[in-house]
Amino acid sequence: MRRPALEVLRYGINGIVATAVHYAVLTFNLQVLAMPSAGLANMVAAVFGISTSFIGSRYFVFRQTDEGVLPQAAKFGGLYIAFAVVHGVVLFIWTDL
């Protein structure tokens, strides 16, 4: 039995965790690795944040799924990678150029 209110709460928690991972990797890329491009550092961080979001969504938010991991990851990843690329390009133009 699905419990939508619980899924909404889990969705919010998952979003906070994925955002924290993205921010931590972005900070690491810029401060520890000294990546010269904020846009590139953000795109790398986005991969980690998106991966965290996918894993959390699959196993924590929506615990019931009939679809295999790979087809689901391809759909999820395709959409969020497109968002990450647009965000990275905008950040590159805004901060690096």
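Structure first, text after, so check above.
All values derive from a computational prediction rather than experimental measurement. In every chain, residue numbers begin from 1 and rise along the written sequence. In keeping with the predicted nature of the model, local features appear solely for residues at pLDDT of at least 70, side-chain atom pairs appear and are counted solely at 80 or more, and the whole-chain, interface and lining totals rest on all residues. Heavy atoms from the whole structure form the basis of all side-chain values; hydrogens and water molecules are not counted.

A.B. asks: Tell me about the overall build of the protein chain, and name the residues and values.
C.D. replies: Where helices and strands are cited, they refer to DSSP runs of H or I of at least four residues and of E of at least two residues respectively, numbered from the N terminus. Looking only at helices and strands, the protein chain has three helices and zero strands in total. Moving toward the C terminus, one meets the helices and strands of the protein chain in the order α-α-α. The principal-axis extent of the C-alpha atoms belonging to the protein chain is close to 50 × 25 × 20 Å. Think of it in three bands: with a 1.4 Å probe and only protein chains considered, a residue is buried below 20% of the maximum accessible area for its type, exposed above 50%, and partly exposed in between. Per-residue burial over the protein chain gives 29% buried out of 97 residues. Sequence-distant contacts, at least 24 apart, represent 60% of the contacts inside the protein chain between residues at least 6 apart. Here the Shrake-Rupley method, with its probe set to 1.4 Å, supplies the accessible areas, and only the displayed protein chains count as covering residues. Surface summary for the protein chain: the accessible area is close to 6,600 Å², and the carbon and sulfur share equals 74%. We treat Lys and Arg as the positive residues and Asp and Glu as the negative residues; His and chain ends play no part in the count. Positions of charges follow a simple convention, taking NZ of Lys, CZ of Arg, CG of Asp or CD of Glu. Distance between charge centroids for the protein chain: 11 Å, based on 6 positive and 4 negative side chains. By definition, residues are in contact when any of their heavy atoms lie within 4.5 Å.

A.B. asks: Any chance you could break down the packing of helix H1 (residues 4-32) against helix H2 (residues 38-61) for me, citing the residues and the numbers?
C.D. replies: Inter-axis angles, ranging from 0 to 180 degrees, are taken between N-to-C directions of lines fitted to C-alpha atoms, where helices are fitted over the stretch in contact. Here H1 crosses H2 at 155°, and the two axes come no closer than 8 Å. For the element pair H1 / H2, the angle class is roughly antiparallel. Two packed elements cross with a definite hand, and for H1 against H2 that hand is right-handed. Of the residues belonging to the contact of H1 with H2, the class tally is 16 nonpolar, nine polar and two charged. Between 65 and 115 degrees an angle is taken as roughly perpendicular, under 35 as roughly parallel, over 145 as roughly antiparallel, and anywhere else as oblique. Put simply, a crossing is left-handed when the front helix is turned counterclockwise from the back one by less than a right angle, and right-handed when it is turned clockwise. Amino acids outside the nonpolar list (Ala, Val, Leu, Ile, Met, Phe, Trp, Tyr, Cys, Pro) and the charged list (Asp, Glu, Lys, Arg) are all regarded as polar, and Gly is one of them.

A.B. asks: I'd like a rundown of the side chain of Asn 42, residues and numbers included.
C.D. replies: Its place among the elements puts Asn 42 in helix H2. Taking relative accessible area as the criterion, Asn 42 reaches 2% and is therefore assigned buried. Setting aside residues up to four positions removed in sequence, Asn 42 forms contacts with His 22, Leu 26, His 87, Gly 88 and Leu 91.

A.B. asks: So, the nonpolar core: which residues are in play, and what are the values?
C.D. replies: Counting five residues, the largest nonpolar core is built from Ala 46, Ile 50, Phe 54, Phe 76 and Ala 84. Elements that contribute at least two residues to this core include exactly H2 and helix H3 (69-96). In contact with Ala 46, not counting residues within four places along its chain, are His 22 and Ala 84. By nonpolar core is meant a set of buried Ala, Val, Leu, Ile, Met, Phe, Trp, Tyr and Cys residues that side-chain atoms within 4.5 Å join together.

A.B. asks: Before we move on, could you go through the environment of Val 69 and cite the residues and values that matter?
C.D. replies: As for its position among the elements, Val 69 is in helix H3. A C-alpha to C-alpha distance of 8.5 Å links Val 69 and Arg 58, two positions 11 residues apart in sequence. Other than its neighbours up to four places away in sequence, Val 69 contacts Phe 54, Arg 58 and Tyr 59.

A.B. asks: Account for the side chain of Arg 10, with residues named and values stated.
C.D. replies: Position of Arg 10 among the secondary structure elements: in helix H1. For the buried Arg 10, which has no salt bridge, the nearest side chain bearing the opposite charge is Glu 7, at an N-O separation of 6.5 Å. Every residue in contact with Arg 10, bar those within four places of it in the chain, is listed here: Phe 60, Val 61 and Arg 63. What counts as a salt bridge is simple: a side-chain nitrogen of Lys or Arg found within 4 Å of a carboxyl oxygen of Asp or Glu.

A.B. asks: Help me get a handle on unusual backbone geometry, residues and values and all.
C.D. replies: Negative phi is the rule for most residues except glycine; trans is the rule for most peptide bonds. Within the chain, Ala 34 stands out as a residue other than glycine whose phi angle is a positive 55°. Along the polypeptide, Ala 34 turns up in the loop between H1 and H2. Assessed through its relative accessible area of 51%, Ala 34 is described here as exposed.

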